[in-house]
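Structural features, examined
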Amino acid sequence: MPVIRRGEARDLAQVADIQAASAEAARWDVAGYLAYDFRVALCGPRVAGFLVSRTIAGEECEVLNLAVAPEFRRQGVARGLLKALLATVQGVVFLEVRESNTGAREFYKSVGFQEVNTRKGYYEAPPEAAIVMKFHSC
Ligand SMILES: CC(C)(COP(=O)(O)OP(=O)(O)OC[C@H]1O[C@@H](n2cnc3c(N)ncnc32)[C@H](O)[C@@H]1OP(=O)(O)O)[C@@H](O)C(=O)NCCC(=O)NCCS
């Protein structure tokens, strides 16, 4: 099982490598993640995955980015990251995912998210619809 902790500046090089290896993930300047809720999953000394989120309103949270290094996928790393976030949320968690990203859509459904809306033309390069997914924490 991965160890989940807050992401730090010393993690950013490995996070950038994971992001570069994950074409479906959002591509942002990783230094900016330090300003958000930023979690990393450690497998031994390696950063195996990361999750970036933010609180929008008091009881509403948004997942901004999530990716796991290809060699660590299907080992529960993303589930561990998302469960760590969900354990802190009292309310609703939203995210958008590319319509074609069926792997991520199945992943989010496996942890309790529901597909609630489609936003046509949401993404650029390449243009694509976003599926809006929502999780209710009680
Ligand atoms: C989506 C992603 C984060 C999943 O990470 P992961 O660590 O492999 O996921 P987990 O091992 O925690 O998976 C938990 C469950 O989710 C489901 N799941 C995960 N990946 C899946 C896939 N590619 N296809 C179908 N179901 C999947 C399965 O039910 C899985 O349980 P199982 O392995 O026992 O069958 C990873 O594939 C990734 O980094 N993709 C590229 C970046 C990306 O798409 N990010 C999302 C942007 S919104």
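Look above for the structure.
These numbers come from a predicted model, not from an experiment.

The subject of this paragraph is the overall build of the protein. Helix and strand content of the protein: 3 helices and 7 strands. Taken from the N to the C terminus, the helices and strands of the protein come in the order β-α-β-β-β-α-β-α-β-β. Relative to the compact-globule value of 14 Å for 138 residues, the protein shows a C-alpha radius of gyration of 14 Å, a close match. Judged by the C-alpha coordinates and their principal axes, the protein covers about 40 × 35 × 30 Å. The buried share of the protein, reckoned over its 138 residues, is 32%. A separation threshold of at least 6 residues defines the contact pool for the protein, and within that pool the share at least 24 residues apart is 59%.

Direction of pairing for strand S1 (residues 3–6) relative to strand S2 (residues 37–43): antiparallel, over a ladder of 4 bridges. Pairing of Arg5 across the sheet is with Val40, part of S2. The sheet contact formed by S2 and strand S3 (residues 46–57) spans 7 bridges and is antiparallel. Across the sheet, residue Val40 finds its bridge partner in S3, namely Phe50. Taking the residues between adjacent antiparallel strands as the criterion, S2 and S3 are bridged by 2 residues, where Gly44 takes a positive phi near 60°.

Time to look at the pairing of strand S5 (residues 92–98). On S5, burial follows the alternation: Val93, Leu95 and Val97 on one face are buried, whereas Val92, Phe94, Glu96 and Arg98 on the facing-out side are not. As paired elements, strand S4 (residues 60–68) and S5 share 3 bridges and run parallel to each other. Residue pairing in the sheet places Glu60 in a bridge with Val92 of S5. Crossover handedness for the path S4 to helix H2 (residues 77–86) to S5: right-handed. As defined by bridge partners, S5 adjoins strand S7 (residues 128–136) across 7 bridges and the pair is classed as antiparallel.

Around the ligand sit 21 residues in total, of which Glu24, Arg73, Ala78, Arg79 and Gly103 are the nearest. Where the shell around the ligand is concerned, the elements lending two or more residues are S4, H2 and helix H3 (102–110). Among the elements that make up the shell around the ligand, the one with the highest residue count is H3 (5 residues). Among the residues making up the shell around the ligand, the classes are represented as 9 nonpolar, 7 polar and 5 charged.

Cut-off values and rules
Residues numbered from 1 in each chain as written. Predicted model: local features only at pLDDT ≥ 70, side-chain atom pairs only at ≥ 80, totals over all residues. Helix = DSSP H or I, 4+ residues; strand = E, 2+ residues; numbered from the N terminus. Rg over C-alpha atoms; globule rule 2.2 N^0.38 Å. Buried ≥ 20, exposed ≤ 12 C-beta atoms within 10 Å, placed from the backbone. Contact = placed C-beta atoms within 7 Å. Pairing = 2+ DSSP bridges. Right-handed = clockwise from strand over helix to strand, strands pointing away. Near = placed C-beta within 6 Å. Nonpolar A, V, L, I, M, F, W, Y, C, P; charged D, E, K, R; others polar.

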